[in-house]
Each structure stands twice: as structure tokens, then as C-alpha cells.
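Letter by letter, the chains look like this.
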2 protein chains.
Amino acid sequence: MRTRPLKVALLGCGVVGSEVARIMTTHADDLAARIGAPIELAGVAVRRPDKVRGGIDPALITTDATALVKRGDIDVVVEVIGGIEPARTLITTAFEHGASVVSANKALLAQDGATLYAAAEQHGQDLYYEAAVAGAIPLIRPLRESLAGDKINRVMGIVNGTTNFILDKMDSTGAGYQEALDEATALGYAEADPTADVEGFDAAAKAAILAGIAFHTRVRLDDVYREGMTEVTAADFASARQMGCTIKLLAICERAADGGSVTARVHPAMIPLSHPLASVREAYNAVFVEAEAAGRLMFYGPGAGGSPTASAVLGDIVAVCRNRLNEATGPGESAYTQLPVSPMGDVVTRYHISLDVADKPGVLAQVATVFAEHGVSIDTVRQQGKDGEASLVVVTHRAADAALSGTVEALRKLDTVRGVASIMRVEGE
Amino acid sequence: MRTRPLKVALLGCGVVGSEVARIMTTHADDLAARIGAPIELAGVAVRRPDKVRGGIDPALITTDATALVKRGDIDVVVEVIGGIEPARTLITTAFEHGASVVSANKALLAQDGATLYAAAEQHGQDLYYEAAVAGAIPLIRPLRESLAGDKINRVMGIVNGTTNFILDKMDSTGAGYQEALDEATALGYAEADPTADVEGFDAAAKAAILAGIAFHTRVRLDDVYREGMTEVTAADFASARQMGCTIKLLAICERAADGGSVTARVHPAMIPLSHPLASVREAYNAVFVEAEAAGRLMFYGPGAGGSPTASAVLGDIVAVCRNRLNEATGPGESAYTQLPVSPMGDVVTRYHISLDVADKPGVLAQVATVFAEHGVSIDTVRQQGKDGEASLVVVTHRAADAALSGTVEALRKLDTVRGVASIMRVEGE
Ligand SMILES: NC(=O)c1ccc[n+]([C@@H]2O[C@H](COP(=O)([O-])OP(=O)(O)OC[C@H]3O[C@@H](n4cnc5c(N)ncnc54)[C@H](OP(=O)(O)O)[C@@H]3O)[C@@H](O)[C@H]2O)c1
Ligand SMILES: NC(=O)c1ccc[n+]([C@@H]2O[C@H](COP(=O)([O-])OP(=O)(O)OC[C@H]3O[C@@H](n4cnc5c(N)ncnc54)[C@H](OP(=O)(O)O)[C@@H]3O)[C@@H](O)[C@H]2O)c1
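Rules behind the numbers
- Residues numbered from 1 in each chain as written.
- Chains lettered and ligands numbered in written order.
- Predicted model: local features only at pLDDT ≥ 70, side-chain atom pairs only at ≥ 80, totals over all residues.
- Heavy atoms only, no water.
- UniProt positions renumbered as here; feature names shortened; annotations may be inferred.
- Domains from an automatic or database assignment.
- Contact = heavy atoms within 4.5 Å.
- Buried area = accessible area lost by both parts, 1.4 Å probe.
- Phe/Tyr/Trp six-rings, centres within 6.5 Å; stacked < 30°, edge-to-face > 60°.
- Helix = DSSP H or I, 4+ residues; strand = E, 2+ residues; numbered from the N terminus.
- Lys NZ or Arg CZ within 6 Å of the ring centre and 35° of its normal.
- Near = heavy atom within 4 Å.
- Polar contact = N/O pair within 3.5 Å; in protein donor to acceptor, adjacent residues only side chain to side chain.
- Areas by Shrake-Rupley, 256 points an atom, 1.4 Å probe, with all protein chains shown as cover.
- Nonpolar A, V, L, I, M, F, W, Y, C, P; charged D, E, K, R; others polar.
- Salt bridge = Lys/Arg side-chain N within 4 Å of Asp/Glu carboxyl O.
- Pairing = 2+ DSSP bridges.
- Axes fitted to C-alpha atoms, helices over the stretch in contact; angles between N-to-C directions.
- Parallel < 35°, antiparallel > 145°, perpendicular 65-115°, else oblique.
- Left-handed = near helix turned anticlockwise from the far one by under 90°.
- Buried < 20%, exposed > 50% of the residue type's maximum accessible area, 1.4 Å probe, protein only.
- Least-squares fit on C-alpha atoms with pLDDT ≥ 70 in both.
- Expected span 1.5 Å × (residues − 1).
- Disulfide = S-S within 2.5 Å.

- Chain A carries the name Homoserine dehydrogenase in an unreviewed UniProt entry, which gives Streptomyces roseolus as its organism.
- The record in UniProt for chain A states the following under Cofactor (unreviewed entry): "a metal cation".

Considerations on the domain arrangement of chain A
All names here are of chain A.
No. 1: Annotation of chain A at the domain level lists domain 1 (6–135 + 306–325), domain 2 (140–302) and domain 3 (344–426).
No. 2: Distance from the C-alpha centre of domain 2 to the C-alpha centre of domain 3: 25 Å.
No. 3: Taken together, the 15 residues of domain 2 in the interface contact 12 residues of domain 3.
No. 4: Summed over both sides, the interface between domain 2 and domain 3 buries roughly 1,200 Å², with carbon and sulfur atoms accounting for 62% of that surface.

Regarding the packing of aromatic side chains
Pairs of aromatic rings are described using the distance from one ring centre to the other and the angle between the two planes.
No. 1: As enumerated under the stated definition, the model contains seven aromatic pairs over all chains in all.
No. 2: A centroid spacing of 6.2 Å and a plane angle of 80° characterise the contact between Phe299 of chain A and Phe299 of chain B, whose relative ring orientation is edge-to-face. Here the residue Phe299 of chain A occupies a position in strand S12 (residues 295–302), and Phe299 of chain B occupies one in strand S12 (residues 295–302), the pair thus bridging two chains.
No. 3: Positioned over the ring face of Phe201 of chain A is Arg226 of chain A, at 3.8 Å from the centre of the ring.
No. 4: The lysine or arginine in question, Arg144 of chain B, covers the ring of Tyr128 of chain B, its NZ or CZ lying 5.4 Å from the ring centre.

Some words on the site of ligand 2
Residues and elements named next belong to chain B.
No. 1: Residues in close proximity to ligand 2 total 21 residues, the closest being Cys13, Val15, Val16, Arg48 and Gly305.
No. 2: Between ligand 2 and the protein, one listed contact pairs an oxygen atom with a backbone N or O atom of Val15 at 2.9 Å.
No. 3: Taking Gly305, its main chain carries an N or O atom lying 2.7 Å from an oxygen atom of ligand 2.
No. 4: The fraction of the free accessible surface of ligand 2 (900 Å²) that becomes covered by protein chains is 79%.
No. 5: Its residues assigned to classes, the shell around ligand 2 comprises 11 nonpolar, six polar and four charged.

A closer look at the interface of chain B and chain A
No. 1: Across the boundary between the two partners, chain B contributes 45 residues, which contact 45 residues of chain A.
No. 2: On inspection of chain B and its partner chain A, the count reaches two salt bridges.
No. 3: With a shortest N-O distance of 3.8 Å, Arg141 of chain B and Glu145 of chain A are connected by a salt bridge.
No. 4: Counting across the chain B and chain A interface gives 22 residue pairs in polar contact (both at pLDDT 80 or more).
No. 5: Ranked by residues supplied to the side of chain B that touches chain A, first place goes to S12 of chain B with eight residues.
No. 6: Split by residue class, the side of chain B that touches chain A holds 23 nonpolar, 11 polar and 11 charged.
No. 7: In the sheet, S12 of chain A pairs with S12 of chain B via three bridges, with the strands oriented antiparallel. From the neighbouring strand, Tyr300 of chain A faces S12 of chain B, where its bridge partner is Met298 of chain B.

Details of the sheet that holds strand S4 (residues 76–79) of chain A
All names here are of chain A.
No. 1: The strand order across the open sheet built from six strands is S3-S2-S1-S4-S5-S6, with neighbouring strands paired in parallel fashion. The open sheet has two free edges, formed respectively by strand S3 (61–62) and strand S6 (127–128), since each of these has just one partner strand.
No. 2: Bridge count for strand S1 (residues 6–11) against strand S2 (residues 39–45) is six bridges, and the pairing is parallel. When the sheet's bridge partners are listed, Lys7 is paired in S2 with Glu40.

Some remarks on the packing of helix H4 (residues 87–96) of chain B against helix H5 (residues 106–122) of chain B
When two helices pack together, their arrangement is captured by the angle between the axes and the distance separating the axes.
Residue and element names in this part refer to chain B.
No. 1: For the pair H4 and H5, the least separation of the axes is 10 Å and the interaxial angle reads 15°. Between H4 and H5, the angle is such that the two are roughly parallel. You can see that H4 and H5 cross each other, and the crossing is right-handed. On H5, the residues that touch Ala87, Arg88, Ile91, Thr92 and Phe95 of H4 are Leu108, Asp112, Leu116, Ala119 and Ala120.

Remarks on the pairing of strand S9 (residues 245–255) of chain A
Residues and elements named next belong to chain A.
No. 1: Burial of S9 is extensive: 11 of the 11 residues sit out of reach of the surface.
No. 2: Because side chains alternate across S9, one face comprises the buried residues Cys245, Ile247, Leu249, Ala251, Cys253 and Arg255, and the other comprises Thr246, Lys248, Leu250, Ile252 and Glu254, equally buried.
No. 3: Of the pairings in the sheet, the one linking strand S7 (residues 152–158) to S9 comprises four bridges and is antiparallel in character. Within S9, the position partnered with Met156 by the bridge is Ile252.
No. 4: As paired strands, S9 and strand S10 (residues 262–272) are joined by 11 bridges and run antiparallel to one another. Bridging from a neighbouring strand, Glu254 pairs with Thr263 of S10.
No. 5: Between S9 and S10, which pair antiparallel and follow one another directly, the connecting turn spans six residues, one of which, Gly259, has a positive phi of 75°.

Comments concerning the relation of the copies chain B and chain A
No. 1: Overlay of chain B on chain A (RMSD 0.0 Å): rotation 180°, translation along the axis 0.0 Å. In symmetry terms, the pair is related by a two-fold rotation axis. Among all residues of chain B, the one whose C-alpha sits closest to the rotation axis is Phe299 of chain B, at a distance of 2.4 Å.
No. 2: Same-surface contact between copies: 100% of interface residues of chain B are shared with the interface of chain A.

Here's the deal with helix H7 (residues 161–173) of chain A
All names here are of chain A.
No. 1: With 13 residues, H7 ought to run about 18 Å at 1.5 Å a step, and its terminal C-alpha atoms sit 18 Å apart, in line with that.
No. 2: The element H7 is largely enclosed, with a buried count of 11 among its 13 residues.
No. 3: Those residues of H7 not exposed but buried are Gly161, Thr162, Thr163, Asn164, Phe165, Ile166, Leu167, Asp168, Lys169, Met170 and Asp171.
No. 4: For H7, the secondary structure elements touched by its buried residues are S7, helix H8 (177–186), helix H9 (195–198), helix H11 (234–242), S9 and strand S11 (284–291).
No. 5: Between the side-chain oxygen of the N-cap and the backbone nitrogen of Thr162 there are 3.2 Å, and the N-cap of H7 in question is Asn160.
No. 6: Remark: Gly174 follows H7 within two positions and exhibits a positive phi of approximately 75°.

A closer look at the sheet that holds strand S4 (residues 76–79) of chain B
Residues and elements named next belong to chain B.
No. 1: Taken in spatial order, the six strands of this open sheet run S3-S2-S1-S4-S5-S6, and their pairing is parallel. Two strands in the sheet have a free side with no partner beyond their single neighbour: strand S3 (61–62) and strand S6 (127–128).
No. 2: Here two bridges tie strand S2 (residues 39–45) to S3, and the two strands are oriented parallel to one another. Each bridged residue has a counterpart across the sheet, and for Ala45 the counterpart in S3 is Thr62.

Structural notes on helix H10 (residues 201–215) of chain A
Residue and element names in this part refer to chain A.
No. 1: The end-to-end C-alpha separation of H10 is 21 Å, in line with the 21 Å expected for 15 residues at 1.5 Å each.
No. 2: For H10, the buried fraction is high: 14 of the 15 residues fall into the buried class.
No. 3: Backbone geometry just downstream of H10 places His216 in the positive-phi region, at approximately 55°.

Concerning the pattern of salt bridges
No. 1: All told, the structure shown has 48 salt bridges over all chains when counted by the stated rule.
No. 2: Here Glu254 of chain A makes a salt bridge to Arg154 of chain A, at a shortest N to O gap of 2.5 Å. You can see Glu254 of chain A sitting in strand S9 and its partner Arg154 of chain A sitting in strand S7, a full 100 residues away along the chain.
No. 3: By relative accessible area, Glu254 of chain A is classed as buried at 11%.
No. 4: Given the relative accessible area of 15%, Arg154 of chain A is considered buried.
No. 5: Among the ionic pairs, Asp171 of chain B bridges to Arg241 of chain B, the shortest N-O distance being 2.9 Å. Of the two residues, Asp171 of chain B is situated in helix H7 (residues 161–173) and Arg241 of chain B in helix H11 (residues 234–242); the sequence distance between them amounts to 70 residues.
No. 6: Overlapping salt bridges bring together Arg154, Glu254, Arg265, Glu290, Arg296 and Glu427 of chain A as one network.

Focus on the pairing of strand S7 (residues 152–158) of chain B
Remark: a regular strand shows side chains that alternate across the two faces of the sheet.
All names here are of chain B.
No. 1: Counted residue by residue, S7 has six buried out of seven residues, so it is predominantly covered.
No. 2: Pairing analysis gives six bridges linking S7 to strand S11 (residues 284–291), with the strands arranged antiparallel. In the sheet register, Arg154 faces S11, and the bridge partner there is Glu290.

Brief notes about the state of the cysteines
All names here are of chain B.
No. 1: The full count for this structure, using the stated rule, is zero disulfides over all chains.
No. 2: No disulfide involves Cys13; its sulfur sits 18 Å from the nearest other cysteine sulfur, which is in Cys321.
No. 3: The exposure class of Cys13 is buried, given its relative accessible area of 7%.

Here it is as C-alpha cells:
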């Protein structure tokens, strides 16, 4: 075993970074044995230098992250600051100064992964980011490496723990959105400003990363269709139950049937209770992968939290260090298919639509005609009377999202349709 | 991209091998783009040269596997023959002649992995075997690489599809073992001689491989405690139901509480219906991993079959080829902890015991005394009268297997105990 240690610089020492530092210290011997050389924490960049950070030598703390990545003797820079800048510049500077990078930064990777990959390649360095998607769950490596000989057609997952916790609460207790969110906040599952989670931005960043890797093409955050889950109601859950379904916020990446394009989207959807994703509880994450030869795979585990995320970061540190000892690099960006990303209108799926309608004869015929005119075929219709009003629940066969949007627009114009109470996609069948 | 192809020799062209050859041909362009060089099928060794093998150039077929691995121009030897010999000699000969090896051979790896690893290391070659455990499910790579910075404490899984199919049938239809086995055989899920599956040999080989990787120590097939599932009855399933459990054949690898040793075992066990492994249906496999930092992870998918297994083999071929282009090798054997494997008697778990007893006062007191004398603490007891006879169902708290065996031996000697109808471990709580 080599005795000269590999040097690790930690950028950020918050929820994730502090756990990375702790594990590096407490498990130093194991890490050295697995890498084939000891690793040493060479510096820790933070914003607030005076904060007490247990277990970390104060002499290692600096507020000058740029100077740290420019030192020239650093082997691996671990970026766990988050956000676009200064993270991006720090990462590219690290590559320029001969370091490889391990990052957990989904926002940056989804927005500008190509720039990072290009810089890594130019300087012959590694860029690893297992922790950026689904926390501790090994997912990036299985997709990039284990399935490298297969053709992935679909990745569908629960990749945001906060929203899954909220939806699970709504499902199991009958609570409304606000009540469930309040509980999630009180228990520390939701941040004070939950926008990034509940509006689907976090999941969309992960969808972009997953789609890019799965289909070997570039998918950016802007390419991902995104709908949050703040409009999901207790009534939606009741409707879902009647169909033998529950509701999850899903990130779905698909190859088009003709193989010529891909789509990536995040939205709430009904899925059958029998689907493995339906039983993912609390803040757990799970990702379902469909590949041509492998069939249907699922990966499940804690999608966030300091220590699970640190586990993924440490796995990457070990891999990058092994590569350095081998004087090699791991797989770089793979975007050779250059498949275009189609808009949401091209996505083909099923829909569950609740309409409030006038309680008079002929309404169903009118509604059915609108569906037919837009080429959306109906699977089932359920009519219900409630308090003198009537409601119609329509479940469609598979249809393009654009056709469904056209249908809904036309339905809204019917005198007999008082309102469109909810539209939800149905997945996983 | 390099234009000179990397050469792949296929040893065996049966269920798995023929699919590997097919994917190599149909997906040649994708594989080349992902590897950075084309790969070429350079030879296919089989037993019966005259068998028609669709899609494979007859000129590539040979019965002389030894000559093929000795050619000297082969980059990757794919061993999908199975069994101990000639597979072992062919693999070590391949290393000697400058080839890396991808194998799906769980029997060989469990029995003599150390010899293969040593030969690979001596000759600077790679040994990959993702397909040997749980077919298409990425498991070896996540354990060896993604979790390389974590401490795995437990691996518990359903790693044999045949037995899971049989147990699932028994559970869902109330069928007995033989009836369910017959159905599995008729549907092609069980082989004509199902011994390796139903007696747990196949699962034990996988447990040995998983334990070795998870705990960074050497675990051989002989170190694995093994009990098959041929004695599981419809009555056992009824008892399991009463406890809110089902029955699965589990492979369980554990680090002892004091960290100083490990255990590996295969046996049927009751697990709560709420446990993720309980809902693994038909011939699917799933493996649950508990790691210190990552928490609880699960990997799920098809555990066998030509095309899923070929997916795993192809992923390894891509990895090995990338390593070769990098003039590097992937992770070798990691057995530095040298943790000893403890015998089954040291395993601590819970037990569900059904006793047929005399229907007279004082029996429960007698039975309870025997448990107490052996230090096995009782969680619940249920007394049932049936046809004038009585039965006692005892569920224990956690106890060492040796203590439980002693208890059962003593119970059998009691006049009032007519028989021990079943003993089953209870896991996953
Ligand atoms: N938390 C999770 O569960 C989780 C899961 C998966 C991925 N991630 C990703 O991991 C990354 C870090 O997340 P986190 O939860 O650990 O964040 P966090 O707790 O807010 O920690 C951020 C750290 O970065 C430091 N920092 C901020 N700006 C800096 C600057 N300009 N220069 C130097 N240091 C600076 C902060 O310093 P101070 O300590 O002085 O404030 C803090 O130590 C993010 O990309 C996030 O998306 C997090
Ligand atoms: N099948 C699965 O689902 C699965 C899943 C995971 C792992 N595996 C593992 O994969 C390996 C292969 O399994 P399989 O199901 O593909 O087996 P198989 O269908 O029985 O195929 C074995 C192949 O090896 C050839 N062969 C046998 N002895 C040979 C020899 N001495 N020299 C050259 N070729 C020889 C056979 O030739 P002929 O064609 O001429 O008979 C046949 O092509 C085994 O280690 C198995 O444990 C299989």
C-alpha cells in the first residue's frame, strides 16, 4: 500500500460536508485499505469560519475556497456547497489545477453539466456525482456502468423525499396538502421555504441528470416538463383509491416509441397500488428502471440526509482515488446519441379527469364527443351525483398530452361542464 | 475512437451465452460508442459444434476452449459454461494469456474465488462477475464500489427465483410444496432436477459471494449455513399469516454485534408482510442492504434468465474494455478485514416454533421452563385445541441459534410434547 496520502479538499461543511469529514476520520483505516493509500483531509472551505465544527482541526478551515482548489497538491475536491456559483467556478478551477471532483450538486449538474464534463475531460480529471440523485441509493453508477451494455427505455422514480413524505401523509391520514406540509416542516422533512421541493424543481434537476445518463444524450433542466404537487387534494386521493391507485410525485424519463427522441417530466401521477413505487413510504426514494435486456429493476433507499448522502460521496471519493492510483479516469460524459428532447405535448400516457357537470340528460354524450373529436379514447367513465350536482370521472386510454390538453380546453367551453375539478396522469401500468 | 476492435471470446453459448452474442451483434454501435472502441466476437467455445446457433458465424465456433483462451490476442474471456471444471482452468489460463475475464459462475466463485482473484492479480487482469448474483440486478458493483466508503452491516435477500416462485405460489394459492414445484417446473421456472435451487445450494453460493464483498473478507460456500425449503408446508404459511408474515427463502449475511466476526446463512424464514422483501413476487429477486451511513437500501429485479443475465455480463464487458483502454484494472479482491465466519450456533435471531402437545394442564408451564432453562426468552405463546389434541405456538425474542437448538432438543424429550411440528426463524423486524 502506498503511504503518501491522497489529499481531499472539502468545499462546504454543512449537512453533507460535516458527515463526509466525520466518516473520513472515523473510518480512515478502512478507506485506506479499500483505496490502497491513506486519504487526508487537506482543507475545508466554509462561509462562517468561527462556527464550531466538532472533529475538524480548526487549522484546516478556510473561507478562501478558491485558494484551496488552486493549491495544486489536492487530489480530490469534494463540492458540497450547492447552488450554481461559486460552485461551478470552483469545480472548473479544481480541474485546471489537477484535481478530480466529487459533487452532490444536482442543481448545477442539471443546469450546466456539459461545462463541467468538458472541463474534466480537458484536464484529464474525473467528475463523479452519485450523491446528486437519490442520496445514498446507488443509481448513477448502476446506470453509467452496470447497464452500460443494455438499452434503457424508461426511468421512473420518486426522487424527492419531502414531497413523498407529504403525499404519503395525505394518503394514510386523509390530510390536505397544507396540513401534511405543516407536519413535514415540523418534523424537519421540509425546509422553511419548501418551493424547490413542492414545485418539483429539485425532482426536475434529478430527472435531467437521469435522462442524460440513461439515454446517452444531453438533457438540461429547461428540457424537463415540471408540475408541482401543491394542487393535489384529499379528493384526488379518494379518486385514486377508487381506481386502486395512490398518488406520487414522479420523475419520468422515456425514450419515444420510435426511438428517435426522449422526454423528461416531473408531475404528480396516479399509480396502481400493486406497483412497487406505490409502497414507497415516508421520505424514502425509489427509482424504477426498464431496460431492454435487464427488464424491470428497482433501486430503493434514503434519498437525502447528511449521512446517507455522505455515503454516496465517500463511494465516489474511493472510486476517484483508485482511478488516480491507476493513473486512469472513470467514464466521462456519454452524449453520443444526441437524441433530441421532445416537448410535453408529445408524451403519451393515460389520464384521470374529474368534471363537475350539469345533472341533466345528454351530458355524457356531449363530453364523450369532445374526447372523440380530439382522438382521445375513453377507457372508463363513472357518473356520480353529489348534492344535486353531478360529477363525471373519465379515465382515458393512452393519448398524447397535446391531444388531452386540447380536449380539456374544449370541455371547459361546454355549457354543461361547470368546471374541471382535476386532471391527473395515470402511470405505471 | 480507436478503430482496432477489442476481442471477446465466449466460453459457452447456452441460455446466457447466446444472449450475450446476440446483444454484442445487435448493439455493436452503442457498445463501441460507450467503450470508445468496437468489440468483436473472436470465438465461441461450445460442447456440441453442430448445433445450429442463429446469428453466430459458424467459423467462430470451436470445441477447443483451451486453444481459444490461449490464442493470446483475446482481450476479454466471457465464461458462461458454469460448474467448477473446466471453467476454473479456462479462467486462470485466460489470465495467463493476457485476457481479463467476465464470469456468471456463482458456483465457482463461491467455491474458489480466491484462486481466481489471485490469478487475475498476478497477471494484472480484471475479474468481473456481476451476473453471478441476482442476474440483472446491479449488486456486486454497488457493493464493491458505490458502498466502498461505507460500512455494511447486513445483506439480506431473495436471491433464487425458482424458490421464490414456489413460495409465492404456496402463499397466494394455499398449495403445498409439491404442487407449487410441479407448476414451477411446468412453467420452466424450475429445472428437471431442482435440487440446487430448492435445497438452497444456489442461494448459498450467492450468500458466500455477497458476504465476502460486503465484509471485505473471504467467505466460502462451506462457511454458509444452508437449509432448503422443501419442508415448508401450507400449515407454515397459515401460521405465518396469523403473525402478519409470509415465508421467503432468504440469504442473510451479517456482521456480529461486536464486529469481530460475520455469518452467512440460507434458510426459509418468516418476514413481516410490511417488509419490502415480503412483496417480492414470482421469480423476482431482491436484496436488502443495511449500511452504517447509507441506511437501508433495496435492489430489485429479475434474478435470472438469458437476457437479464446477459445485460449484467455486457455491463462487465464494457467496464473491462474501458479499463483496458485506460491500461488500468478495476477493484480486485478486498479481503483485508480477515474477519472469521462464525458457525450457525452464534447467529442471533427470533424463532417461531409449533409444538403438538398433550391436552392437559401444566403443559405450558413445562414448556416455558425448558425455554427459560436454555436462556431463550418467549415473546408470545398461542394455545390451540384441534381434534382433541392441542398445539402450542411459541414465538421467541432474539436468541442464539445454539440456545434454540438446545431448547428444541430438550422439548422433544418431554412426555407432554408429542412432536415439534415446525421451527422457523423470524427475520426482518
Ligand atoms: N442535505 C441533503 O440531504 C442533500 C442530499 C443530496 C444532495 N445534497 C446536495 O449537497 C450539497 C450541500 O447540501 P447541504 O445540505 O450540506 O448544504 P448546507 O448544509 O447548507 O451546507 C452548505 C455548506 O457550504 C458552505 N458554503 C456556502 N457558501 C460557501 C462559499 N461561498 N464558500 C465556501 N463555503 C460555502 C456553508 O458554510 P457554513 O457552514 O459556514 O454556512 C456550509 O458549510 C447541495 O448541492 C445539495 O443539493 C444535499
Ligand atoms: N441461466 C440463467 O438464468 C443464469 C443466471 C445467472 C447466472 N447463470 C450462470 O451462467 C452460466 C451459464 O449458464 P447457462 O444457463 O447459460 O448454461 P447452459 O444453457 O447450460 O449453457 C452452457 C454452455 O456451455 C457450453 N459448454 C458446456 N461444457 C463445455 C465445455 N467443456 N467446453 C465448452 N463449452 C461448454 C454448452 O455447450 P452446448 O451449447 O454445446 O451444450 C453451452 O453452450 C452458469 O455459470 C450459470 O450459473 C445463469
